[in-house]
Structure formats: C-alpha cells, structure tokens
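Letter by letter, the chains look like this.
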Amino acid sequence: MRIIPVGPSGWQLTLSFIGSIPYPPHEATPLSGTQGFRTVTIRAQVPHGAQQAGFAAVLLDSGTAWLGDVNLRVVD
C-alpha cells in the first residue's frame, strides 16, 4: 500500500469472514501521512463455519492510497 497525504485517522485494511454467525473483522494498523509502497499483512485463523472471506481498504480520513499485489492465501 502506498499513501499520500492521509489524515491522522488513516487508511486501514480489513479482512472479514462470513458464515452462519457473525465474526469480528481483523484489521491492520491504520497508515497515515505519506508513505511509499510497503507490505501490510493481516494474519488470521479462519473461523470454523466460515464460508467466505472479504477484504476491504477503508479510508478513515482524507487522502489517497494505492494497492498493488494484493494476495490472500491459506496457510496450514
């Protein structure tokens, strides 16, 4: 993720699991200010019963962000 001037609340990446019951989202630490491309990682255990995964980049303040090479992988 690369950001240019982003306010103090920042941009945040979120990973959510969807199933028959609600699961709390997993969130990366928000990025703010101006930063070149960097790796942002969210590690989470897939909850039992999860049927889908959702990924979001959420702007919590003003600014611009670019995402590149977004990957989602399951590791045993």
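Computed from a predicted model, the values in this text were never measured in an experiment.

Caption draft 1: Region of interest: the overall build of the chain. Along the chain, the regular secondary structure elements total zero helices and five strands. Along the chain, helices (α) and strands (β) appear in the sequence β-β-β-β-β when read from the amino end. Oriented by its inertia axes, the alpha-carbon framework of the chain measures out at about 40 × 20 × 15 Å. When burial is assessed residue by residue, the chain has 18% of its 76 residues classed as buried. Restricting to contacts in the chain with at least 6 residues of sequence separation, those with at least 24 account for 74%. For the chain, the accessible surface area stands at approximately 5,500 Å², while carbon and sulfur atoms represent 51% of it. Placing the 4 positive and 4 negative side-chain charges of the chain at their respective mean positions leaves the two points 8 Å apart.

Caption draft 2: Layout of the layout of surface pockets. Roughly 910 Å³ of volume is contained in the largest pocket. Taken together, 25 residues make up the lining of the largest pocket; nearest its centre are Thr 41, Ile 42, Asn 71, Leu 72 and Arg 73. The greatest single-element share of the lining of the largest pocket, amounting to three residues, is contributed by strand β1 (residues 2-19). Residues belonging to the lining of the largest pocket are distributed by class as follows: 16 nonpolar, five polar and four charged.

Caption draft 3: Quick peek at the environment of Thr 64. Among the structural elements, Thr 64 can be located in strand β5 (residues 64-66). A relative accessible area of 34% places Thr 64 in the partly exposed class. C-alpha separation for the pair Thr 64 and Pro 47, spaced 17 residues apart in sequence, amounts to 32 Å. Dropping the residues within four chain positions of it, Thr 64 is found in contact with Arg 2, Ile 3, Ile 4, Pro 5, Val 6 and Trp 11.

Caption draft 4: Structural detail: the confidence of the model for the chain. Averaged over all residues, the pLDDT of the chain equals 90, while 100% of them reach at least 70. When the elements of the chain are averaged for pLDDT, β5 gives the smallest value, 90, and strand β2 (residues 26-27) the largest, 95.

Caption draft 5: Structural detail: the nonpolar core. Of all hydrophobic cores here, the largest spans seven residues; its members are Met 1, Ile 3, Val 6, Trp 11, Leu 13, Ala 28 and Leu 31. A total of four residues in this core trace back to one element, the largest contributor, which is β1. Those residues in contact with Leu 13, other than ones at most four positions away along the chain, are Met 1, His 26, Glu 27, Ala 28, Val 40, Ile 42, Phe 55, Ala 56, Ala 57 and Leu 67.

Cut-offs used in this document
Residues numbered from 1 in each chain as written. Predicted model: local features only at pLDDT ≥ 70, side-chain atom pairs only at ≥ 80, totals over all residues. Heavy atoms only, no water. Helix = DSSP H or I, 4+ residues; strand = E, 2+ residues; numbered from the N terminus. Buried < 20%, exposed > 50% of the residue type's maximum accessible area, 1.4 Å probe, protein only. Contact = heavy atoms within 4.5 Å. Areas by Shrake-Rupley, 256 points an atom, 1.4 Å probe, with all protein chains shown as cover. Lys, Arg positive; Asp, Glu negative; His and termini not counted. Charge placed at Lys NZ, Arg CZ, Asp CG, Glu CD. 1 Å grid on protein atoms, 1.4 Å probe; cavity = no way out; pocket = protein on both sides within 12 Å on 5 of 7 lines; lining within 4 Å. Points joined across faces, edges and corners; volume = space filled by probe spheres on them. Nonpolar A, V, L, I, M, F, W, Y, C, P; charged D, E, K, R; others polar. pLDDT = per-residue confidence, 0-100. Core = buried A, V, L, I, M, F, W, Y, C linked by side-chain atoms within 4.5 Å.

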